Amino acid sequence: MKTIPEQNTNNLIQPRLQRIKFDSGAICFFALGMFLAAMTIHEFGLLS
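The model shown is predicted, which means the values in this text are computed figures rather than measured ones.

Asker: Outline the overall build of the protein, listing residues and values.
Answerer: In terms of regular secondary structure, the protein is built from one helix and zero strands. The buried share among the 48 residues of the protein stands at 0%.

This is the structure in structure tokens:
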């Protein structure tokens, strides 16, 4: 596949890196939310 000077190969690589960063951030945010929910349930004894 030939690349012409008007094409920029960085545009093909960049969105994938941003998507990985967003996914890892979402996973961390989800894990923090689950931890806080578990601590709240434990603290107030909602499932006892």
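Asker: Break down the environment of Ile41 for me, with residues and values.
Answerer: Tracing the sequence through the fold places Ile41 in helix H1 (residues 10-44). For Ile41, a relative accessible area of 34% gives the class partly exposed. Excluding anything up to four places from it in sequence, Ile41 contacts Leu46 and Leu47.

Asker: An account of a nonpolar patch on the surface is requested, with residue identities and associated values reported.
Answerer: Side chains of Leu32, Phe35, Leu36 and Met39 sit close together on the surface and give an oily, nonpolar patch of about 390 Å² of accessible area. Tracing the backbone through its elements, the reader meets Phe35 in helix H1. Residue class for Phe35 comes out partly exposed when judged on its relative accessible area of 49%.

So, how was this worked out
- Residues numbered from 1 in each chain as written.
- Predicted model: local features only at pLDDT ≥ 70, side-chain atom pairs only at ≥ 80, totals over all residues.
- Heavy atoms only, no water.
- Helix = DSSP H or I, 4+ residues; strand = E, 2+ residues; numbered from the N terminus.
- Buried < 20%, exposed > 50% of the residue type's maximum accessible area, 1.4 Å probe, protein only.
- Contact = heavy atoms within 4.5 Å.
- Patch = residues over 30% accessible without salt bridge, like charges linked within 9 Å, V, L, I, M, F, W, Y side chains within 5 Å.
- Areas by Shrake-Rupley, 256 points an atom, 1.4 Å probe, with all protein chains shown as cover.
- Salt bridge = Lys/Arg side-chain N within 4 Å of Asp/Glu carboxyl O.

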